[in-house]
There are 2 protein chains.
Amino acid sequence: MSAEEVRVRPEAALGGMANRERAASVMAREGLQALVATTPENIAYVIGAPLRTTNWSMQIYAVLPKDAGARPRLVLPTNRLGVIAQMGVPDAELYLFSDFFVEGSPVGQPSTPDIDLFYDLLGRTAVYPGPLEALAAALKDLDIPQGPLGVDEMRINPALYAKLGESLPAGHVRPAYGLFREVRQVKTAAEVARLRRSAELNERVEEEMIHLIADGVHEEELAAHYRDRIIRAGGTPAMIAVGAGPRSALPLIEHYFHRVRPGEQVRFDLCCQLDSYWADTGRTVVLGQPSEWQRRHFAAVRGGWERALELVRPGVKASAVFAAAVETVQRGGIPHYRRQHVGHAIGLELYDDIVLAPGDHRELQEGMVFCVEVPYYELGAGGFQIEDTVVVTKDGYEFLTHLDRKLFVQ
Amino acid sequence: MSAEEVRVRPEAALGGMANRERAASVMAREGLQALVATTPENIAYVIGAPLRTTNWSMQIYAVLPKDAGARPRLVLPTNRLGVIAQMGVPDAELYLFSDFFVEGSPVGQPSTPDIDLFYDLLGRTAVYPGPLEALAAALKDLDIPQGPLGVDEMRINPALYAKLGESLPAGHVRPAYGLFREVRQVKTAAEVARLRRSAELNERVEEEMIHLIADGVHEEELAAHYRDRIIRAGGTPAMIAVGAGPRSALPLIEHYFHRVRPGEQVRFDLCCQLDSYWADTGRTVVLGQPSEWQRRHFAAVRGGWERALELVRPGVKASAVFAAAVETVQRGGIPHYRRQHVGHAIGLELYDDIVLAPGDHRELQEGMVFCVEVPYYELGAGGFQIEDTVVVTKDGYEFLTHLDRKLFVQ
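Because the structure is a prediction, the values reported are computed rather than measured.

Student: Quick question: what am I supposed to make of the interface of chain A and chain B here?
Tutor: For interface size, the figure often reported is the accessible area lost on association. Across the boundary between the two partners, chain A contributes 75 residues, which contact 76 residues of chain B. Summed over both sides, the interface of chain A with chain B buries roughly 7,300 Å², with 63% coming from carbon and sulfur. It is Trp56(A), Glu103(A) and Leu379(A) in chain A that bury the most area against chain B; as a group they hold 12% of the surface buried on that side. The interface formed by chain A and chain B contains four salt bridges. Salt-bridge contacts for Arg52(A) lead to Glu254(B); the nearest nitrogen and oxygen are separated by 3.5 Å. Here chain A and chain B share 16 residue pairs in polar contact (both at pLDDT 80 or more) between them. Broken down by secondary-structure element, the contributors of at least two residues to the side of chain A that touches chain B are helix H2 (40-47), helix H3 (81-87), strand E5 (103-104), helix H4 (113-124), helix H7 (177-184), helix H9 (219-232), strand E9 (236-244) and strand E14 (376-379) of chain A. Judged from the two bridges that link them, E5(A) and strand E14 (residues 376-379) of chain B form a sheet pairing that is parallel. Each bridged residue has a counterpart across the sheet, and for Glu103(A) the counterpart in E14(B) is Glu378(B).

Written as structure tokens, this is what we have:
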């Protein structure tokens, strides 16, 4: 590997991604003084980056105070402090728990800046016996020792959740995974910037894959190209639906068996994460001249997708976007078309809150980011997809994706 | 990419990995009729492979009945059924929930075996409104509609856990993440085989990395080589501690800043997953002639590691292994040596249950698998590591790792 190929990690943004104003308003409505993040996604929301754990019982918490001027607090095991020093100290006060031993050198040689910072942080950060003691100290320092707290219930050890509840007045600990998701519905500028970079990376690799399609190319070769390129760019490949020929009709694809043949279509639905933010985009490609059947079905899907976008603007209900898109596909050539949704919010989770689905009557708002997709899967025949990412603007939307929306012919 | 480079996934083992006898005995002791897995790790334990979700609220459950002759049950959203058809149907009865629409083709072209299987499964598997209804059907079919159940509390939606508890007699739903971990302490032959393959892959790449060390090589180049090779082999790279020179003293490394220079040491502590099972191995390498300081500290660490292994056999307490290893390092040249553990069980989690630590007085048993490590981190100077994986045998241990245990000189 040449020096040029060394992956250079983009400078980590060390501030949190959180919409503090929206968070404060949700907390005020719910009578809460702080939200406590426990999942890697919500922790990244508060401090700007997720933190890895070695098993399900290891606990990390990030406290987002209602007071938008107060600094977040990060509760973490001492052995994770070195990682903090490497990624840059987030805009949060640190509270450690559990012992972890590293020694200062009696030799006293000069060291690297991250090690000096690690050692310095170790020396001046209090270490508590366990995560709840560290959390209590954080709440005390925030002058909200009694809460009330909304706690992301999905990644706190339930036994600790119960203990926390017992240590505070009744009702002062309430589940908050849903509240975090509600706050995260409206993205901050920093989040949109990350989503844009993630979508752009995804599309760049998707375009390369389109050009790789040729007679005899194996689905696995295309998937491997995706993995390789995303990882070299510092991202994490996740769901890689690459289906050729009949397998283009499989919604989710995790195993690859088929080689592309002339006349076959390839459906891409590609998902990765970059700096914690997801991308999810899709296209359909035909090797050689598309058949009448392929053209007709793609046109119907594309019509529904266009109709969905026509409705995307503040004040429109998610369910209304769904109904219009599905009806358009049905009238456009697939009368039996059915679908459970025509898109979903995207952000720190692949499916963020609000789905463009029949049951979801919430209104779109400026700053929400959606993947819009109206795919059709016909087992035994093939599948069609266009999926793009848009941010809702004051009077419509702006694409975060730019790849041509045609039926690609390769 | 040539055809030869196409990644070939090893034939997925579709049976579960579970030690059914040990599970039955734990359930008998606890008065439980079944264990319900909710985390990807415990689901993989029951059905042989994990299943991906798109956000934290998506639920997947795998039911392991006490009766070792009864088939496990898998509760999953309908949209995950296609993935099941691709990986091969596990040795479990399926229970679906939620709608997901795919259409059969009126064209009726022949399809691929996985699509035919998907379509066939869709046609003959009952779909329930939600995960709890599907779980109730599974329990009814197992003739244990009332439980009592041990439920892996770490990845079930807490609201659903509460609802499940209310639907059954008091005390019939109890947390079971710890029970799953207890059952998983003693590995089955299928698990040891997977751990062996994972360790062998990890070591093969580690050896390549040792040979890549040269003047001016960047930590990131070494880390990138690891990522690339593990992914090409079908694995998932996770923690990649590659620290050169002073950075060899950082326990966890996730950002890479340093180029190797002559006389510097490089510490590897490398973790990946292959077919759900973790590997975690480490070595220390010096570029050029090791200094007296490097030789002396490596010898002390190696002495402690050897002492730990001398004690590994059934009946020895984890804490006894710890005490002997630490004392040996202290007597062997690092009198101020401190450490929180000298190894950990490994399996479906990087840190499985039982840690070779002062507070853990449980006895080792045949079939347990441990990573044994006695690292030393001196900030401002450097770090040393040997980490190997062993399976406890009737009268000692067997290495799953084979790379030379010397201080490598490159």
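That covers the picture; the talk isn't over yet.
Student: Whenever I open this one, the relation of the copies chain A and chain B confuses me. Can you help?
Tutor: The operation relating the two chain copies consists of a rotation about an axis and a shift along that axis. For the pair chain A and chain B, the relating rotation is 180°, the translation along its axis is 0.0 Å, and the fit reaches an RMSD of 0.0 Å. The relationship between the two copies is best expressed as a two-fold rotation axis. A share of 100% of interface residues in chain A that are also interface residues in chain B marks the association as one of identical surfaces.

Student: I keep staring at the packing of aromatic side chains and nothing clicks. Help me out?
Tutor: How two aromatic rings sit relative to each other is set out by the distance from centre to centre and by the angle between their planes. Residues and elements named next belong to chain B. Throughout the structure, instances matching the rule amount to eleven aromatic pairs over all chains. Measuring from centroid to centroid gives 5.5 Å for Trp293 and Phe384, while their planes differ by 50°, and the two rings are tilted. Here the residue Trp293 occupies a position in helix H10 (residues 292-311), and Phe384 occupies one in strand E15 (residues 382-384), the gap between them amounting to 91 residues. According to the relative accessible area criterion, Phe384 is buried, its value standing at 0%. Considering the side-chain rings of Trp305 and Phe399, the 6.2 Å spacing of their centres and the 15° angle between planes classify their relative orientation as stacked.

Student: When you look at the pattern of salt bridges in this model, what are you seeing that I'm missing?
Tutor: A pair can form between side chains of opposite charge whenever their charged atoms are brought close. All names here are of chain A. With the rule as written, the count across this model stands at 64 salt bridges over all chains. Residue Arg283 pairs with Glu203 through a salt bridge whose shortest N-O separation is 3.9 Å. Pair noted here: Arg283 is in strand E11 (residues 277-286) and Glu203 is in helix H8 (residues 189-212), with a separation of 80 residues, a long-range link. Each member of the pair Arg283 and Glu203 is classed as buried. The salt bridge partner of Arg227 is Glu220, with a shortest N-O separation of 3.0 Å.

Conventions used here
Residues numbered from 1 in each chain as written. Chains lettered and ligands numbered in written order. Predicted model: local features only at pLDDT ≥ 70, side-chain atom pairs only at ≥ 80, totals over all residues. Heavy atoms only, no water. Contact = heavy atoms within 4.5 Å. Buried area = accessible area lost by both parts, 1.4 Å probe. Salt bridge = Lys/Arg side-chain N within 4 Å of Asp/Glu carboxyl O. Polar contact = N/O pair within 3.5 Å; in protein donor to acceptor, adjacent residues only side chain to side chain. Helix = DSSP H or I, 4+ residues; strand = E, 2+ residues; numbered from the N terminus. Pairing = 2+ DSSP bridges. Least-squares fit on C-alpha atoms with pLDDT ≥ 70 in both. Phe/Tyr/Trp six-rings, centres within 6.5 Å; stacked < 30°, edge-to-face > 60°. Buried < 20%, exposed > 50% of the residue type's maximum accessible area, 1.4 Å probe, protein only.

What is shown is where atoms sit, not what they do.
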